[in-house]
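Residue-level listing of the chains:
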Amino acid sequence: MTRRELREQIFRILFRIDFYPKEELSTQLLYPKDDTAEVSEADISYIQNKIFAVTERIEEIDTMINAVAKGWKTGRMGKVDLTLIRLAVYEMKYDEDIATGVAINEAVELAKKYGTDNSSSFVNGILARIA
């Protein structure tokens with residue numbers, strides 16, 4: 001899978017996590033693919049490692065988001081937007097293999113695909129303040 005495809009799979013699983021109890025995380029990780037993508041064992045490992053890494057830092061990430069999101073604390077944000085922002089903040093702050101600009105651009109592109117008409121500009125604005 002390409003990095004973009006991996007990131008999209010990670011986003012999709014992180015999105016689902018908000019709707020399930022934390023105890024079901026291991027079950028959610030069993031479904032890191034859809035029928036259109038070829039997923040190798042290395043891809044599955046990368047996805048799972050990234051999911052665990054992001055979820056371990058959710059509180060820290062949300063604190064960063066809340067510090068810059070005027071009037072839009074994480075509790076008020078749409079789940080798609082929040083999940084994309086969390087993933088991008090993790091990549092910007094904790095993943096040395098991903099450049100900040102790439103993390104922001106990828107989050108904006110996924111926001112265009114999965115979010116509302118305003119999601120891409122909202123996600124971009126929050127991430128620009130954090131960067």
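Just so we're clear, the structure is a prediction, and the values are computed from it rather than from any experiment. (Residues numbered from 1 in each chain as written. Predicted model: local features only at pLDDT ≥ 70, side-chain atom pairs only at ≥ 80, totals over all residues. Heavy atoms only, no water.)

(A) Broad picture of the packing of aromatic side chains. Overall, the coordinates contain four aromatic pairs when judged by the stated rule. Seen in terms of ring centroids, Phe11 and Phe15 are 6.2 Å apart; in terms of plane orientation they differ by 40°. Their pairing is tilted. In this pair, Phe11 and Phe15 are both assigned in helix H1 (residues 3-17), four residues apart and thus about one turn of the helix distant. Owing to a relative accessible area of 3%, Phe11 belongs among the buried residues under this scheme. The partly exposed category is assigned to Phe15, whose relative accessible area is 24%. Chaining the aromatic ring pairs together yields one cluster made of Phe11, Phe15 and Tyr114. Positioned over the ring face of Trp72 is Arg76, at 4.2 Å from the centre of the ring. (Phe/Tyr/Trp six-rings, centres within 6.5 Å; stacked < 30°, edge-to-face > 60°. Helix = DSSP H or I, 4+ residues; strand = E, 2+ residues; numbered from the N terminus. Buried < 20%, exposed > 50% of the residue type's maximum accessible area, 1.4 Å probe, protein only. Lys NZ or Arg CZ within 6 Å of the ring centre and 35° of its normal.)

(B) Quick look at the packing of helix H4 (residues 58-68) against helix H7 (residues 119-130). At their nearest, the axes of H4 and H7 sit 9 Å apart, and the two run at 100° to each other. Considering the angle they form, H4 stands roughly perpendicular to H7. Residues Met64, Ile65 and Val68 of H4 pack against Ile126, Arg129 and Ile130 of H7. Looking at the contact of H4 with H7 residue by residue, the class counts come to five nonpolar, no polar and one charged. (Axes fitted to C-alpha atoms, helices over the stretch in contact; angles between N-to-C directions. Parallel < 35°, antiparallel > 145°, perpendicular 65-115°, else oblique. Contact = heavy atoms within 4.5 Å. Nonpolar A, V, L, I, M, F, W, Y, C, P; charged D, E, K, R; others polar.)

(C) Up close: the nonpolar core. Judged by nonpolar contacts, the single largest core of 35 residues is most densely connected at Ile65, Ile85 and Leu127. Secondary structure elements with two or more residues in this core: H1, helix H3 (41-56), H4, helix H5 (79-94), helix H6 (100-114) and H7. Other than its neighbours up to four places away in sequence, Leu127 contacts Ile85, Ala88, Val89, Met92, Ile104 and Ala107. (Core = buried A, V, L, I, M, F, W, Y, C linked by side-chain atoms within 4.5 Å.)

(D) Region of interest: the packing of H5 against H7. Packing of H5 against H7 leaves a shortest axis separation of 10 Å and a crossing angle of 30°. Classed by the angle they form, the pair H5 and H7 counts as roughly parallel. When the axes of H5 and H7 are compared, the crossing they make is right-handed. Together, Asp81, Ile85, Ala88, Val89, Met92 and Lys93 of H5 and Ser119, Phe122, Val123, Ile126, Leu127 and Ile130 of H7 make up the contact between the two elements. When grouped by side-chain class, the residues that make up the contact of H5 with H7 number nine nonpolar, one polar and two charged. (Left-handed = near helix turned anticlockwise from the far one by under 90°.)

(E) Structural detail: the pattern of salt bridges. Applying the stated criterion to the full structure yields nine salt bridges. Of the charged contacts in the structure, one is a salt bridge between Arg7 and Glu106, with a shortest N-O distance of 3.6 Å. Remark: Glu106 occurs in helix H6 and Arg7 occurs in helix H1; sequence separation between them is 99 residues. As far as the burial class goes, Arg7 and Glu106 line up, both buried. Of the charged contacts, one joins Asp95 and Lys50 as a salt bridge, the two residues approaching to 3.0 Å between their closest N and O atoms. Placement of Asp95 in the loop between H5 and H6 and of Lys50 in helix H3 is noted, with a sequence separation of 45 residues between them. Bridged by salt links that share partners, the residues Arg4, Arg7, Lys50, Glu91, Asp95 and Glu106 form one connected network. (Salt bridge = Lys/Arg side-chain N within 4 Å of Asp/Glu carboxyl O.)

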